[in-house]
Amino acid sequence: MELTLDIVRRELQADEPRYRQIAADLGPDALPYLRQIIASEDTALAAKAAYLAGVIGSEEALPVVRQAAAHADVRVRVAAAAAAGMLPLDHANDVLVALVDDADAGVQKMALRSVPETPSSYLAGRVEALRSTSQSEAVKKASEATIARVKKQ
Amino acid sequence: MAWSTQRAWRRCGKCGGFWFSGAAGQGTCPAAIGGGHLQADTNNYSLVVDATIAPGQSGWRRCSKCLSLWFGGSAQGTCAAGGSHSAAAGSYTVAFTSQFPFGEANWRCCAKCQSLFFAGGAVNQCAAGGGHNPDGTPSLSLVIVDSAVRLHTKVLTTPTGTAIETMMHNIREIYAAGRIDVEWVSHENLNLPDLLDVEVGDCLIGQNPTDEQTALYANRNNVGANEIAVYFVRNTIPIMNGCAAHPGGQPGAIVASIASQWTLAHEIGHVLALQHATGAANSDRLMFNQTSAITNPPPDLIASEIAAMKASGLTVGV
């Protein structure tokens, strides 16, 4: 069956989407539709679309997650931060350099958790800086945990 | 808390009126044979009390003299115990049948005595003389219950799509089809910024909880062992409308800010052992896994689901 926007929307309407199964069923062909959904006014579906893009995780997912990372709604940016951790290494660095300095501490916390084990030097520097400069205890704790995780490698 | 519930309301077998059997005595019945009210049957009705937001007709009061429910939104009415009705504490909201299909319909306000009475019964006696007169008042619906679940709401962030009060009324309405009362026992705001976005893993009942689920569900102020805590958060990770997976011995569910108006009832259904109803043919059921696309609302519970809910140790007989 030909994939359509309606099919993708229907999958994301689930209260508890099973993302791995959806990603396996729809594949990268869903990514253009995910972009449309993120651009729409339906914030609930936009957040789910951002996360699904990360689970699909192919090379083409980067612009979709990047679009979500710039979304006006913080819930979509949290989803983008979680999705970034599932992208290929270079792509994760690309998205996370913006999100670790987001205005919302929850987005920052999620972005720090998604920092890959071999981050770019710039991203590693930002993580280190947040440990001492962040006003949020949660962000400080997340940066410490990230630094410890990265140093193990 | 936006409202609570009160049971032990009964239909009188002598006058057809509606009276409270949870107070001392039987009240005063207007039927010619005199004395107190008489419980017509075993039906135990549950009313919403002191609602700040509730669909239906507000302003109903309990008369401290005759124990009947009367509409205090206009005249004082005529009391079977003499004079006018006298309001006891508490204000009640009664749903319009048009808004609440799962209750018992055909309850009406008498234009003479202002009391609620059952217009579908054989007995009908008004304190103002003769029979009750509905005089075109709309049909109201009452919830008959034989069991109850007790919910506690704990809010980290307020949902953006549907108010918590609306979700609570929806679950009350849906569960009424199974005669399950939903008690809103407590409400608490939690200042837990670290847990606004909660990692829930695969969100499977019985799974090992994530560290964040463990931290969140540890907040059980006022929640009894077999009572259910509902946590309203900003996001779950992965992004879901809600998640009913909970640590052992701490029954509860998470509802995300993107939840639909039916998500709360759906997640509590999972807590009470219900599984998803799959396939488009089940799109009118509560456990359909796309509650934002529910057809023919309010969504339904089927008989086997009601039986499973009542078999849950979290549903108690009343």
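In case you missed it, the structure is sitting above this.
The structure displayed is predicted, hence computed values, not measured ones. (Residues numbered from 1 in each chain as written. Chains lettered and ligands numbered in written order. Predicted model: local features only at pLDDT ≥ 70, side-chain atom pairs only at ≥ 80, totals over all residues.)

**Things to note about the overall build of chain A**
Consideration 1: The number of helices and strands found in chain A is ten helices and zero strands.
Consideration 2: Helices and strands in chain A line up, N terminus first, as α-α-α-α-α-α-α-α-α-α.
Consideration 3: In terms of overall size, chain A behaves like a compact globule, its C-alpha atoms giving a radius of gyration of 15 Å where 153 residues would be expected to give roughly 15 Å.
Consideration 4: Structurally, chain A occupies a C-alpha span of about 50 × 30 × 25 Å along its principal axes.
Consideration 5: Across the 153 residues that make up chain A, the buried fraction comes to 49%.
Consideration 6: At a minimum sequence separation of 6, the contacts of chain A that also span at least 24 residues come to 63%. (Helix = DSSP H or I, 4+ residues; strand = E, 2+ residues; numbered from the N terminus. Rg over C-alpha atoms; globule rule 2.2 N^0.38 Å. Buried ≥ 20, exposed ≤ 12 C-beta atoms within 10 Å, placed from the backbone. Contact = placed C-beta atoms within 7 Å.)

**What to know about the nonpolar core**
All names here are of chain A.
Consideration 1: Leu34, Ala50, Ala53, Val65, Ala79, Ala80 and Ala84 are the most contacted members of the largest nonpolar core, which totals 147 residues.
Consideration 2: Among the elements that make up this core, the one with the highest residue count is helix H4 (residues 43-56) (ten residues).
Consideration 3: Residue contacts for alanine 53: discarding those within four places in its chain leaves Leu31, Leu34, Ala61, Val64, Val65 and Ala83. (Core = buried A, V, L, I, M, F, W, Y, C linked by C-beta atoms within 7 Å.)

**Quick word on the pairing of strand E13 (residues 228-233) of chain B**
All names here are of chain B.
Consideration 1: Counting buried positions along E13 gives six out of six residues, so the element sits mostly inside the fold.
Consideration 2: Bridge count for E13 against strand E16 (residues 252-256) is five bridges, and the pairing is parallel. Bridging across to E16, valine 233 finds its partner in alanine 256. (Pairing = 2+ DSSP bridges.)

**Quick word on the interface of chain A and chain B**
Consideration 1: Counting from both sides, the interface comprises 19 residues of chain A and, opposite them, 23 residues of chain B.
Consideration 2: If you list the elements that add at least two residues to the side of chain A that touches chain B, you get H4, helix H6 (74-84) and helix H8 (105-114) of chain A.
Consideration 3: Top element by residues in the side of chain A that touches chain B is H4 of chain A. It accounts for five residues.
Consideration 4: Class assignment for the residues of the side of chain A that touches chain B results in twelve nonpolar, three polar and four charged. (Nonpolar A, V, L, I, M, F, W, Y, C, P; charged D, E, K, R; others polar.)

**Let's talk about helix H5 (residues 62-69) of chain A**
Residues and elements named next belong to chain A.
Consideration 1: Regarding H5, the residues found buried are Leu62, Val64, Val65, Ala68 and Ala69. Looking straight down H5, one finds its buried side chains confined to an arc of 165°; they lie on one side.
Consideration 2: In this fold, the buried residues of H5 make contact with helix H3 (31-39), H4, H6 and helix H7 (89-99). (Arc of directions from axis to C-beta.)

**Regarding the environment of isoleucine 38 of chain A**
All names here are of chain A.
Consideration 1: The residue isoleucine 38 is located in helix H3 in this model.
Consideration 2: Judged by local crowding, isoleucine 38 falls into the buried class, with 26 C-beta atoms found within 10 Å.
Consideration 3: Along the chain, isoleucine 38 and valine 65 lie 27 residues apart, while their C-alpha atoms are 9.4 Å from each other.
Consideration 4: With residues near it in sequence (within four places) discarded, isoleucine 38 still touches Ala46, Ala49, Ala50, Val64, Gln67, Ala68, His71 and Val76.

**A short note on the packing of helix H1 (residues 164-176) of chain B against helix H3 (residues 263-271) of chain B**
Residues and elements named next belong to chain B.
Consideration 1: H3 packs onto H1 with a crossing angle of 55° between their chain directions and a minimal axis gap of 8 Å. Accordingly, the angle class assigned to the pair H1 and H3 is oblique. Contacts between H1 and H3 involve Met167, Asn170, Ile171 and Ile174 on the former and, on the latter, Leu264, Ala265 and Ile268.
Consideration 2: Residue composition of the contact of H1 with H3, by class: six nonpolar, one polar and no charged. (Axes fitted to C-alpha atoms, helices over the stretch in contact; angles between N-to-C directions. Parallel < 35°, antiparallel > 145°, perpendicular 65-115°, else oblique.)

**Structural notes on the pairing of E16 of chain B**
Residues in a regular strand project their side chains so that they alternate between the two faces of the sheet.
Residues and elements named next belong to chain B.
Consideration 1: Of all five residues in E16, five are buried, a share of seventy percent or more.
Consideration 2: Burial along E16 is two-sided: the residues Gly252, Ile254 and Ala256 and Ala253 and Val255 are all buried.
Consideration 3: For strand E15 (residues 242-243) and E16, the ladder comprises two bridges, and the chain directions are antiparallel. In the sheet register, glycine 242 faces E16, and the bridge partner there is valine 255.

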